[in-house]
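Each chain is listed here by its residues.
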Amino acid sequence: MTTTSTLSEPHRAVRWWLIAVAALIALMVLVGGATRLTESGLSIVEWKPVMGSVPPLTEAQWTEAFEAYKKIPQYRELNAGMSLSEFKEIFWWEWSHRLLGRFIGVAYLLPFLFFLWRGGLSGELKRRLWLLFALGGLQGAVGWWMVASGLTERVEVSQYRLATHLVLALLIFAGIVWTVRRLKERQQIAAPARLRFTSALLLVVTFVQIYFGALVAGLRAGRAYNTWPEIDGAFVPSADRLWFETPWWRNMFDNVLTVQFEHRMTAYALFVLAVLHAIDAVRSRAGAAASGALWLLAAVSLQAVLGVLTLLNQVPIDLALAHQAVAILVLTLAVMQFERLASRRSAETQPRAVPVSQPG
C-alpha cells in the first residue's frame, strides 16, 4: 500500500503564522535601516513600552517632544535650528519603527497562546517558540539600550549596540525560518559531509558580514573611501593606517578604514565560499541542495553588486535599503540551505501515514 505524509492542519496554521511574523521582522529591519539613514533614531528620548505607542496628538504635545529632543547632543551639535516640521519628519520614522516592534510582539504572542490553548504542539516546538519569544523581549530592551547610548555624550548611537540590535533581530528571523522549515517533513538529502560543513560555514560568514555591515552603518563608514576595488589608494591599505589604535583590536570596531576594509574582505570571502559550495553541490548531484546553492550564489552576487554601487554613490537611501533587503534574502537562503543539508534527528512534525486510496 502506497503512503504519503500529510502535514496536520494545526502545524499548517503555525507555519503560516511564523511566515507572517518573519515577514514583519524583515520589514522592521528595513524600517530600522531607513531610521538610521535618516538620522531619526534619537528623535524619541523616552522608552514607554505601552504609552509610547500613542504619538503626540496636540501642538502642545509636539512641542514637548521637540523640547526633549533639543536637550540631547545630536540636536545641539548636528541639528541646531531645526524646525518643528523637520523634527516631525524624523520623529515619524522612529515612532513607526517602535510601533512595528510592538505590533510584532502582539502578532507573535496572541497566536502563540492560541496554539498553546488548542494543543498539538510538540514539547520541542513549544520550547523553541518560547525561546524566540524571550529573544523578542530581549530585543526590545536592546533597542532602548542602543538608543540610550546616544542621549548623553554622543551624537549617534554606539555602533557596538547598533550591531548587536541588528544581529539579534536577524537571529530571531533566522530562528523562525529554521522552525518553519522543520515543520514540514522532508526526506534527508544524501550529501557529502563537506557540503554540510560549507553550508554551515556560509551561514556563519553571513552573520559575520551582517555584523560588520552594521558597524559600517554605525560609523558612517560607507560615506568614506568611496572607491572600488581600491580602498585608501590600494587593494590592501597600509598596516599603519589599519592598526594605529591601541589596543589593536579596537581598530576592528572603531577605525573607519579598518571596519570598511573588513566588510569588503568578508564579502569577498562569502562570494568565494558561495561559488565553491555551489560547484560542489552541482558536482555532487545533491538535488534540491544543488538548486539551493545556486540560488544562494545568485543572491550573494547581487548583494555584492549592490554593495559596490551603494559605496560608489556614497550611500543613497534607495540603494542602501536595497542592499539591506538583499542581505535579508541572502540570510534566508543560507538558513534554508543549512537546514536542507542538516540531519533530521527529530522532526517537529509527526505526520500521519494516510493510504492514498482512503480519505485522510
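Scroll up to find the structure.
None of the values given here were measured: they were computed from a predicted structure. (Residues numbered from 1 in each chain as written. Predicted model: local features only at pLDDT ≥ 70, side-chain atom pairs only at ≥ 80, totals over all residues. Heavy atoms only, no water.)

**Things to note about the overall build of the protein**
Counting secondary structure elements, the protein contains 12 helices and 2 strands. Starting at the N terminus and ending at the C terminus, the protein contains elements arranged as β-α-α-α-α-α-α-α-α-α-α-α-α-β. In terms of overall size, the protein behaves like a compact globule, its C-alpha atoms giving a radius of gyration of 23 Å where 360 residues would be expected to give roughly 21 Å. Counting only C-alpha atoms, the protein reaches 80 × 55 × 35 Å along its principal axes. (Helix = DSSP H or I, 4+ residues; strand = E, 2+ residues; numbered from the N terminus. Rg over C-alpha atoms; globule rule 2.2 N^0.38 Å.)

**Comments concerning the nonpolar core**
Formed by 72 residues in total, the largest nonpolar core has its most connected members in W17, L18, L129, L170, F173 and I176. Of all the secondary-structure elements, those providing two or more residues to this core are α1 (9–37), α4 (84–118), α5 (123–148), α6 (159–182), α7 (193–219), α10 (256–283), α11 (288–312) and α12 (317–341). If sequence neighbours within four positions are ignored, L18 has contacts with Y108, L129, I176, T179, V180 and L183. (Core = buried A, V, L, I, M, F, W, Y, C linked by side-chain atoms within 4.5 Å. Buried < 20%, exposed > 50% of the residue type's maximum accessible area, 1.4 Å probe, protein only. Contact = heavy atoms within 4.5 Å.)

**Side note on the side chain of Q159**
Locating Q159 in the fold gives a position in helix α6. Note on Q159: relative accessible area 3%, which makes it buried. Excluding residues within four positions of it along the chain, Q159 makes contact with R154, L215, G218, L219, F253 and D254.

**Side note on the packing of aromatic side chains**
Counted under the stated rule, the structure contains 27 aromatic pairs. Both rings, one in F91 and one in W92, keep their centres 5.8 Å apart while their planes meet at 85°; by these two values the pair is edge-to-face. By way of ring pairs, the aromatic residues W17, Y108, F112, F114, F115, W117, W130 and F133 are connected into one cluster. Sitting over the ring of F66, K70 keeps its end group 4.5 Å from the ring centre. (Phe/Tyr/Trp six-rings, centres within 6.5 Å; stacked < 30°, edge-to-face > 60°. Lys NZ or Arg CZ within 6 Å of the ring centre and 35° of its normal.)

**Structural notes on helix α2 (residues 59–69)**
All of the buried residues along α2 are W62, A65, F66 and Y69. Looking straight down α2, one finds that the buried residues subtend no more than 100° of arc, so they occupy a single side. Away from its buried face, by an angle of more than 90 degrees, α2 presents the exposed residues A60 and E64. In the core, the buried residues of α2 are packed alongside α3 (73–78) and α4. (Arc of directions from axis to C-beta.)

**Regarding unusual backbone geometry**
That bond from W228 to P229 is cis: its omega, 5°, falls within 30 degrees of zero. In this structure, P229 sits in the loop between α7 and α8 (239–242). A cis amide bond links T246 with the next residue in sequence, P247, at an omega value of -10°. Backbone geometry places D232, a non-glycine residue, at a positive phi of 55°. Positionally, D232 belongs in the loop between α7 and α8. What makes D232 partly exposed here is its relative accessible area of 32%. In this model, Q314 sits at a positive phi of 60°, which is unusual for a non-glycine residue. Examined against the element boundaries, Q314 turns out to sit in the loop between α11 and α12. Take Q314: its relative accessible area is 47%, and that puts it in the partly exposed class.

**Quick word on the environment of L42**
Tracing the sequence through the fold places L42 in the loop between α1 and α2. Look at L42 and you get buried, because its relative accessible area is 2%. Sequence-wise, L42 and A288 are 246 residues apart; in three dimensions their C-alpha atoms are separated by 45 Å. With sequence-adjacent residues up to four places away left out, L42 is seen in contact with Y69, I72, Q74, V147, G150, L151, V155, E156 and V157.

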